[in-house]
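Overview (structure and organization)
Spelled out, the chains give:
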Amino acid sequence: KMPILKGEASHYDADLHNLLCCCQCADVAFCPEDLSSLVEAHKVILCSVSHLFMLLFEVKSAADIQDASIVRMAQDLFRVETRDSSPSATHAGPPCVPPVKVVVKDSVFCSCLPDILHFIYSGAFQWERLEEDIKKKLKDPDKTENVLEKVKCILKTPGKLSTAKECRSHQIRHLYSTSLRLFFNTPVLADVIFKIQGATVPAHRAVLVARCEVMAAMFNGNYLEANSVLVPVYGVSKDTFLSFLEYLYTDSCCPASILQAMSLLVCAEMYQVMRLQHICELSIITQLQSMPSRELASTSLSIVSLLRKAQVRVECPTDW
């Protein structure tokens with residue numbers, strides 16, 4: 001009889017909100033026209049929720065979006081300060097490059113930007129709370145409505161209207177888990193490249209440090225990885241590492257076999273991602289329980305051996 005395991009609750013939204021609070025790996029700095037103050041953010045997070053930001057940071061062109069209202073709002077609301085050292089939007093750049101400066105032309109909107117970013121980084125589903133926060137800050141119904149209309153345009157899907165009702169019922173709780181998938185294993189906006197088994201895998205430091213404490217320490221400490229674009233990975237296969245990264249980006253994982261779950265469990269233990277460990281353990285137990293005993297006996301699975309191997313990898317990091 002297998003033990004009963006309960007899955008750990010997701011903390012995906014909280015991870016991304018904490019990223020905004022700590023601002024590690026920020027690559028965008030919003031500021032007013034007089035450049036008096038800065039609010040830092042992350043391109044990959046902003047682009048994951050908004051076609052307007054995709055346009056602003058050259059992930060998409062106006063021809064790709066084909067929505068005049070989004071293009072017009074991007075032009076009217078923001079101005080990107082260009083610089084010769086700015087990395088291309090489609091290639092990994094050195095981590096030492098300072099954040100891209102984005103001037104917010106609307107002073108009222110700029111004053112509400114911290115609240116708007118907290119709304120976006122919290123999953124962009126607490127519309128009523130954003131309304132209340134802006135009302136309290138501005139104390140002017142017309143200005144409040146103007147700012148909220150701009151937020152609706154930022155969140156707008158090209159070619160569709162964005163009404164208050166839609167914003168309230170939109171329920172973009174899993175917005176990142178679907179939209180960040182667009183940036184999984186792609187060089188678009190990537191700022192780190194993992195080298196594994198002779199292959200390269202592009203990724204985004206902002207997502208990694210938000211979702212994995214080991215990665216956060218690795219890119220924020222005195223390790224070589226903190227100042228390197230190319231980061232080698234040892235001890236796991238490319239497929240397993242890709243599955244690990246996919247979980248970080250999407251908060252979902254569904255191993256196709258027990259062996260895949262075991263390999264991913266080893267990787268999750270290496271990087272100390274507890275919820276993914278629990279998911280893998282639950283997957284292994286579920287698959288074992290559903291496997292007929294005769295079929296299980298005929299396989300070459302050695303669960304005890306694999307678990308022992310996983311434990312050794314955790315206790316002996318020099319083998320990584």
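Check the entry above for the structure.
Bear in mind that the values here come from a model prediction, so they are computed numbers and not experimental data.

About the cut-offs
Residues numbered from 1 in each chain as written. Predicted model: local features only at pLDDT ≥ 70, side-chain atom pairs only at ≥ 80, totals over all residues. Heavy atoms only, no water. Helix = DSSP H or I, 4+ residues; strand = E, 2+ residues; numbered from the N terminus. Buried < 20%, exposed > 50% of the residue type's maximum accessible area, 1.4 Å probe, protein only. Pairing = 2+ DSSP bridges. Axes fitted to C-alpha atoms, helices over the stretch in contact; angles between N-to-C directions. Contact = heavy atoms within 4.5 Å. Parallel < 35°, antiparallel > 145°, perpendicular 65-115°, else oblique. Left-handed = near helix turned anticlockwise from the far one by under 90°. Nonpolar A, V, L, I, M, F, W, Y, C, P; charged D, E, K, R; others polar.

A few words now on the environment of E213. Summarising the element assignment, E213 is placed in helix α12 (residues 213-218). The exposure class of E213 is exposed, given its relative accessible area of 72%. Sequence-wise, E213 and V273 are 60 residues apart; in three dimensions their C-alpha atoms are separated by 7.9 Å.

Here we come to the sheet that holds strand β5 (residues 192-196). Strand order in the open sheet made by the three strands is β6-β5-β7, with mixed pairing throughout. The open sheet terminates on both sides in strands that have one partner only, identified here as β6 (199-203) and β7 (230-232). Each strand of the sheet is rotated relative to its neighbour by a mean of 30°, with strand direction disregarded. Bridging between β5 and β7 involves three bridges; their strand directions are parallel. Within the sheet, the bridge partner assigned to K195 lies in β7 and is P232. Contacts from helix α13 (residues 238-250) reach β5 and β6 within the one sheet, and its direction differs from that of β6 by about 5°.

As a further point, take the packing of helix α14 (residues 258-270) against helix α15 (residues 274-290). Close contact between α14 and α15 brings their axes to 9 Å; oriented N to C, the two are set at 160°. Judged by the angle between their axes, α14 and α15 are roughly antiparallel. Here α14 and α15 pass one another in a crossing that is left-handed. Counted together, I258, A261, M262, L264, L265, A268 and E269 of α14 and L276, Q277, C280, E281, S283, I284, Q287 and L288 of α15 form the full contact between these two elements. Class assignment of the residues belonging to the contact of α14 with α15 gives a composition of 10 nonpolar, three polar and two charged.

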